[in-house]
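# Examination of the molecular architecture
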Amino acid sequence: MDRFARLAARVLAAPEAVVAVTTRGPGDALSVEIVECWPPQPSKTDPVRAALCRHVVRAGELVMVDDLSARDDGPGRAAAGTAVGAFAGVPLFGEQGVLLGVLAVYDSTVRPWDAGNRQDLEDLADAAAAELQLRASAARAHQERRGAELAQQEAERATGHARQGVQDLRTRLDRSELLLRAAELLASTSRLDEVRSTVSELVSGDLKPAYVGLVLRGDDDMMRRSVDTRSAPVALEEQVPLYSLAARWPTAQAARENRLISVPDRQTLVQDYDPQTVTVFDQMGLASAVCVPLPGTRRPTLGTLVAAWDEPHETDVHERAVLTVIAGYTAMAVERALHLDERISVARQLQQAMLTDLPDPLGIELAALYRPAASEDWVGGDWYDAYPLLAGQDADTMRTPLAVTVGDVTGHNTRAATLMGQARSMLRQADIERANSPADALASFERANQHLRTGISGTLIHAHLLPRPEGTWLLRWTNAGHPPPLLARPGRESELLTDHGIMLHPNIRPRTDRPVHERLLEPGDVLLLYTDGLIEHRGQDFDLTLGRAARLLSQDATNNAPLDHTINKLADTLAGPKHSDDIVLLALRIGPRTVG
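Procedures and definitions
- Residues numbered from 1 in each chain as written.
- Predicted model: local features only at pLDDT ≥ 70, side-chain atom pairs only at ≥ 80, totals over all residues.
- Heavy atoms only, no water.
- Salt bridge = Lys/Arg side-chain N within 4 Å of Asp/Glu carboxyl O.
- Buried < 20%, exposed > 50% of the residue type's maximum accessible area, 1.4 Å probe, protein only.
- Helix = DSSP H or I, 4+ residues; strand = E, 2+ residues; numbered from the N terminus.

This next bit is on the pattern of salt bridges. Counted under the stated rule, the structure contains 19 salt bridges. Notably, a salt bridge pairs D107 with R111, separated by 3.6 Å at the nearest N-O pair. Taking relative accessible area as the criterion, D107 reaches 10% and is therefore assigned buried. By relative accessible area, R111 is classed as buried at 15%. Taking the shortest distance from any N to any O, the salt bridge between E237 and R196 comes out at 2.5 Å. A residue pair is termed long-range when its members are at least 10 positions apart, and E237 in helix α6 (residues 235-239) and R196 in helix α5 (residues 192-207) qualify at 41 residues. Residue classification places R196 among the buried positions, given a relative accessible area of 4%. Overlapping salt bridges, with partners in common, bring together R3, E131 and R336 in one network.

So, about unusual backbone geometry. Of all residues except glycine, most have a negative phi; of all peptide bonds, most are trans. The amide bond that connects W38 to the next residue, P39, takes the cis arrangement and shows omega of 0°. Along the polypeptide, P39 turns up in the loop between β2 (30-38) and α2 (47-59). One non-glycine residue, A13, adopts positive backbone phi at about 55°. On the secondary structure map, A13 appears in the loop between α1 (2-11) and β1 (16-24). With a phi close to 60°, E470 is a non-glycine residue in the positive phi region. Along the chain, E470 turns up in the loop between β15 (458-467) and β16 (473-480).

Any functional reading would require information that these geometric values do not contain.
Below is the structure:
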């Protein structure tokens, strides 16, 4: 629940968020208990927050108040009388409309809530309610397991006439443990591939089928098989990865009719289903199967869980019950994964939209790369930029001055990505209005950042490239606390451009004396700008990693390797697929296309 409180606070840009659950008091009276706060608090017994959550429970619907002090009948007055600021809370409903709790955010200052805030809070509430249902189901499974254990102990003290009963209880205990494991493991999944592999392990270990599959129903009513990438290819998933909900497949029938479908033998397939089902089952050596629908909260079914055996297998009522419960847990995990995937996709599309389409300047080759952190749910503030400057074109060669930037706004969330977009635009405007030097542009940006209170902090390198005779370019740059650029020259060792100044921060007075450094770049020279995600990794020496980057860049510069190849090789080699921070690389090569 602390994750949902944290996500609610970040997504709605609110300083505080709480998750509360409903409890039954004396006389079956419904009460509210705050179980998680963000930021974490030593005590969760805050009367104002509790009163606001109780108001949401009584209302039974989403409550959004822009100004608590402006309402005579406002929520929280009965308990505190001094509630101020803004509040938004939404009830969490479980199965059959049971009220489970409240997800709420609180701002000590007055603020207007918009339709986007409402949608974000309702989306998070759906996921939080599913999580609470999973926890409740896990608790019930744990109680059943404990009851089975006690019953088993009692049975073991009985006479030999109770041996069969003991065996039955052991079977019930095993299945209770399976359901408890299902609740615990599926509650911790966040991606569809994790759901698929977890379900396969759970069902295969207890019921021992030869094949376990997961088929998901799309918005277009097409059934798509989820593939377990950790296992060998499966004929069923390779040959028929996509088919219609109306197709004559038992998995489609289960999703279409929202009921368990049993295929006890091959003859049933021949009589009732598409001939291709018989062909694929024969290829896989399967003889029987059970298809269980995945119940959805926004549509009747999300897809189908299928278990198949390599011999005739009649599932009894207990096995069907176990598969049905696991399908319910799986459906909740699928909905949560789909919701998070959608939010992540939207956030990353936003960030990608704010990254620059690189220009094609005469005399310079450019390449850039952005990779989001593998372990982050959202996005960050890393960015690159490149654009032509207005003044200073070389009349002889028609080469145009170029501005390049690589920066890292503090944070790993949608707010950081939004601030990154503002920083990019403000710095561009500063260059257009005052392009005497990169330091002048950065000073103008810092003044605007402080005056407008945008709150942007972080590091960056901003540089101007000015055409000079004989195909050379003058690099002029200023460094605000950023990792040093690498300069590679064919046949020579790479050089670190270590000159730098203080980082950006809204509380630091804008500097008017930021130094500007210069270096003449010759044809064939390669300059690499990057963010710290490339070279800073837990358990690795910073200097050693930077040295590896310098050697790889020098080798590719000497071999005249394509820049796209170079930056991808650097990211793959130094950061790998599981990097914990965003990565941005911007590389440029002085080309031989023009001669001064």
